[in-house]
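# Examination of the molecular architecture
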There are 2 protein chains.
Amino acid sequence: MSHAVKAIRSAVAPGLGPKRDTILDAVLPVFGRFGFRKTTMEELADAAKLSKQGLYLHFSGKEEIFAACIEKYLTDSLAVVDAVLGGGEPLQERLIGAMDAWFGRHLETFHPQAFDVIETGTLMAPERTQYWKNAFRQRLTRAIAASREVKSSPACTAKDMAEVLFQCGLAWKESLVPRTEFRRELARAVRVCCRLEL
Amino acid sequence: MSHAVKAIRSAVAPGLGPKRDTILDAVLPVFGRFGFRKTTMEELADAAKLSKQGLYLHFSGKEEIFAACIEKYLTDSLAVVDAVLGGGEPLQERLIGAMDAWFGRHLETFHPQAFDVIETGTLMAPERTQYWKNAFRQRLTRAIAASREVKSSPACTAKDMAEVLFQCGLAWKESLVPRTEFRRELARAVRVCCRLEL
DNA sequence: ACTTGACCGAATGGGTAAAATTGGTCTAGT
DNA sequence: ACTAGACCAATTTTACCCATTCGGTCAAGT
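The shown structure was predicted, so the numbers you read here are calculated from the model rather than taken from an experiment.

## Focus on the overall build of chain A
Scanning chain A for helices and strands turns up ten helices and zero strands. Taken from the N to the C terminus, the helices and strands of chain A come in the order α-α-α-α-α-α-α-α-α-α. Counting only C-alpha atoms and orienting by the principal axes, one finds that chain A spans roughly 55 × 35 × 30 Å. By the burial criterion, 48% of the 198 residues in chain A qualify as buried. Taking contacts inside chain A between residues at least 6 apart in sequence as the whole, the part at least 24 apart equals 70%. As presented, chain A carries roughly 10100 Å² of accessible surface, and 56% of it is formed by carbon and sulfur atoms.

## Some thoughts on the pattern of salt bridges
The full count for this structure, using the stated rule, is 24 salt bridges over all chains. Measuring nitrogen to oxygen at the nearest pair gives 3.4 Å for the salt bridge that ties Arg20(B) to Glu64(B). Placement of Arg20(B) in helix H2 (residues 18-34) and of Glu64(B) in helix H5 (residues 62-85) is noted, with a sequence separation of 44 residues between them. Among the salt bridges present, the one from Arg128(B) reaches Glu71(B), with a minimum N-O distance of 2.2 Å. Of this pair, Arg128(B) sits in helix H8 (residues 126-146) while Glu71(B) sits in helix H5; the two residues are 57 residues apart in sequence, bridging distant segments of the chain. Among the residues examined, Arg128(B) registers a relative accessible area of 30% and is labelled partly exposed. Relative accessible area serves as the criterion here: at 25%, Glu71(B) is assigned to the partly exposed category. Several salt bridges converge on common partners, so that one network encompasses Asp100(A), Glu108(A), Arg179(A) and Arg183(A).

## Some details on the interface of chain B and chain A
In many analyses, interface size is given as the accessible surface area lost on bringing the parts together. Tallying the contact residues gives 25 residues for chain B and 24 residues for chain A. Between chain B and chain A, the buried area comes to about 2300 Å², and carbon and sulfur atoms account for 55% of it. Looking at the side of chain B facing chain A, the largest losses of area belong to Ala155(B), Gln167(B) and Arg195(B), adding up to 28% of the total buried there. The tally of links between chain B and chain A comes to four salt bridges. A salt bridge links Glu174(B) to Lys173(A), with the shortest nitrogen-to-oxygen separation between them at 3.5 Å. Counting across the chain B and chain A interface gives eight residue pairs in polar contact (both at pLDDT 80 or more). For the side of chain B that touches chain A, the elements supplying multiple residues, two or more each, are helix H9 (158-169) and helix H10 (179-194) of chain B. Here the side of chain B that touches chain A is built from residues that sort into 14 nonpolar, two polar and nine charged.

## Concerning the relation of the copies chain B and chain A
Here chain B sits on chain A after a turn of 179° about the axis and a move of 0.0 Å along it, with an RMSD of 0.1 Å. Expressed as an axis order, the relation between the two copies is that of a two-fold axis. When you check the interface residues of chain B against chain A, 96% turn up at the interface there too, and the contact is symmetric in its surfaces.

## Observations regarding the confidence of the model for chain A
Residue and element names in this part refer to chain A. Residues with a pLDDT of 70 or more make up 91% of chain A, whose mean pLDDT is 90. The least confident element of chain A, judged by mean pLDDT, is helix H1 (residues 3-12) at 31; the most confident is helix H9 (residues 158-169) at 98. For the stretch residues 1-16, pLDDT sits under 50, and the model shows twelve contacts to residues farther than four places along the chain or on other chains.

## Description of the nonpolar core
Counting residues in each nonpolar core, the largest one holds 120 residues, and the members touching the most others are Leu95(A), Phe136(A), Leu95(B), Phe136(B) and Ile144(B). Here Phe136(B) is in contact with Leu78(B), Val81(B), Ala98(B), Met99(B), Trp102(B), Phe103(B) and Phe166(B), once residues within four sequence places are set aside.

## Re helix H7 (residues 116-124) of chain B
Residue and element names in this part refer to chain B. If you check which residues of H7 are buried, you get Val117, Thr120 and Gly121. Along the axis of H7, the buried positions cluster into a sector of 100°, meaning they face one direction only. Opposite the buried face of H7, by more than 90 degrees, sit the exposed residues Glu119 and Leu123. Its buried side turned inward, H7 meets H2, H5 and H8.

## Comments concerning empty space enclosed by the protein
Picture a little ball the size of a water molecule; that probe, rolled over the atoms, points out where space is still empty. Counted under the stated rule, the structure contains one cavity of 30 Å³ or more. Estimated volume of the largest cavity: approximately 30 Å³. Around the largest cavity sit Gln167(A), Leu170(A), Ala171(A), Glu174(A), Gln167(B), Leu170(B), Ala171(B) and Glu174(B), which together line it. In terms of residue class, the lining of the largest cavity is made up of four nonpolar, two polar and two charged.

## Overview of unusual backbone geometry
Residues and elements named next belong to chain B. We note that Lys49 has phi near 55°; this positive angle belongs to a residue other than glycine. Unusually for a residue other than glycine, Arg195 sits at a positive phi of about 50°. Position of Arg195 among the secondary structure elements: in the segment after H10.

## Let's talk about the packing of aromatic side chains
Taken as a whole, this structure holds 18 aromatic pairs over all chains when the rule is applied. With a centroid separation of 5.4 Å and 75° between ring planes, the pair formed by Tyr73(A) and Phe110(A) is classed as edge-to-face. Pair noted here: Tyr73(A) is in helix H5 (residues 62-85) and Phe110(A) is in the loop between helix H6 (91-109) and helix H7 (116-124), with a separation of 37 residues, a long-range link. One exposure class covers both Tyr73(A) and Phe110(A), and it is buried. Taken together, the ring pairs in this structure connect Trp102(A), Phe103(A), Phe136(A) and Phe166(A) into an aromatic cluster. Over the aromatic face of Phe166(A) sits the side chain of Arg137(A), whose NZ or CZ is 4.9 Å from the ring centroid. The aromatic ring of Phe36(B) is capped on one face by Lys62(B), whose charged end is 4.7 Å from the ring centroid.

What counts, and where the lines are drawn
Residues numbered from 1 in each chain as written. Chains lettered and ligands numbered in written order. Predicted model: local features only at pLDDT ≥ 70, side-chain atom pairs only at ≥ 80, totals over all residues. Heavy atoms only, no water. Helix = DSSP H or I, 4+ residues; strand = E, 2+ residues; numbered from the N terminus. Buried < 20%, exposed > 50% of the residue type's maximum accessible area, 1.4 Å probe, protein only. Contact = heavy atoms within 4.5 Å. Areas by Shrake-Rupley, 256 points an atom, 1.4 Å probe, with all protein chains shown as cover. Salt bridge = Lys/Arg side-chain N within 4 Å of Asp/Glu carboxyl O. Buried area = accessible area lost by both parts, 1.4 Å probe. Polar contact = N/O pair within 3.5 Å; in protein donor to acceptor, adjacent residues only side chain to side chain. Nonpolar A, V, L, I, M, F, W, Y, C, P; charged D, E, K, R; others polar. Least-squares fit on C-alpha atoms with pLDDT ≥ 70 in both. pLDDT = per-residue confidence, 0-100. Core = buried A, V, L, I, M, F, W, Y, C linked by side-chain atoms within 4.5 Å. Arc of directions from axis to C-beta. 1 Å grid on protein atoms, 1.4 Å probe; cavity = no way out; pocket = protein on both sides within 12 Å on 5 of 7 lines; lining within 4 Å. Points joined across faces, edges and corners; volume = space filled by probe spheres on them. Phe/Tyr/Trp six-rings, centres within 6.5 Å; stacked < 30°, edge-to-face > 60°. Lys NZ or Arg CZ within 6 Å of the ring centre and 35° of its normal.

Structure follows, in structure tokens:
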């Protein structure tokens, strides 16, 4: 299939129905367990309770499914992040919740053996990957900056704290512990970076 | 060669001369560039300016060279860490120097493609690996605890700061930036974690 | 709005056997 | 305290073939 046709399909098809989203939700765990390469179209179709051709009525191919899947995954995650950060809890709880919604969910979604999903994602759409990273860091920064619970200084601005927090979160790739324990590490990082009391 | 013979040689040979250390220093960059598996005994011998057989007069085999090499590498690194932390500079500079001597040196020593050195090390001697990690974290903790420049609290003890700092340092594996830039990230982490002004 | 099933070209994954490397040893020097 | 070089067993690499699989398409149904 030519690139032009692909572009048309993906430009016309999306957003038309909640069916796409249903498919993407069903498909995510498969990518998360086996990675991009080792996931077959049949497995995706089975997960979505569709035939192989049924899938092609919604997506132009494997790459588009994957891209849309990751896009939805991050969109959803960021929505949770926003919801948590916009909530009424103390900043500490909100930050921990946000970090857990982002990095913790990664940890739970992607099997250690299937981290090629990350590489594939950055390889297929590096600018999108950068966009999502920046989006999340921006949320952290704003939440910290807006809070009156934490005092910043020229040497330690809200952005500085957010960046360091983000850096700590990146450790999820190395982490071998379950999400609950990882969350405790995140809690400590939040406490230290933002000097929030218990 | 039997394990018994190996044990005898490695028990008798070490520490007898500075020659071993010279060899180990010469050999480290080779392991750092090609990893354990892809490094050949000939390359090691060439790097040490010895014949292959000359090497065997000092070490019982590839594994012993590697183990001793890593051991010396970490010993040296920790010595630098101790020297820096024990110096007269303000805590901030000392911590940055210590983090750079540890993680920054890793970044510079081990080629991204040769990270199998880490796995091999933890696989061959997991207890030693754990020992060195703990040793470094301990140094950080003590330096922070001993300083009057940083005030701790029950929610943010010296150990907490050290742990988070360590977690930030682990990002070196993901880092694609040169050591100088990585050092700036470390500096920010130190500032934030210990609330040290500029 | 789907399913079924056949189909294609390309990529992939065994399986294998020859060829090259490698870690390590031995001997004979100097 | 080394080097030179032959040497071995074991592993690794390479090349090749074959079967399978996979992504994607097409035609015909319901």
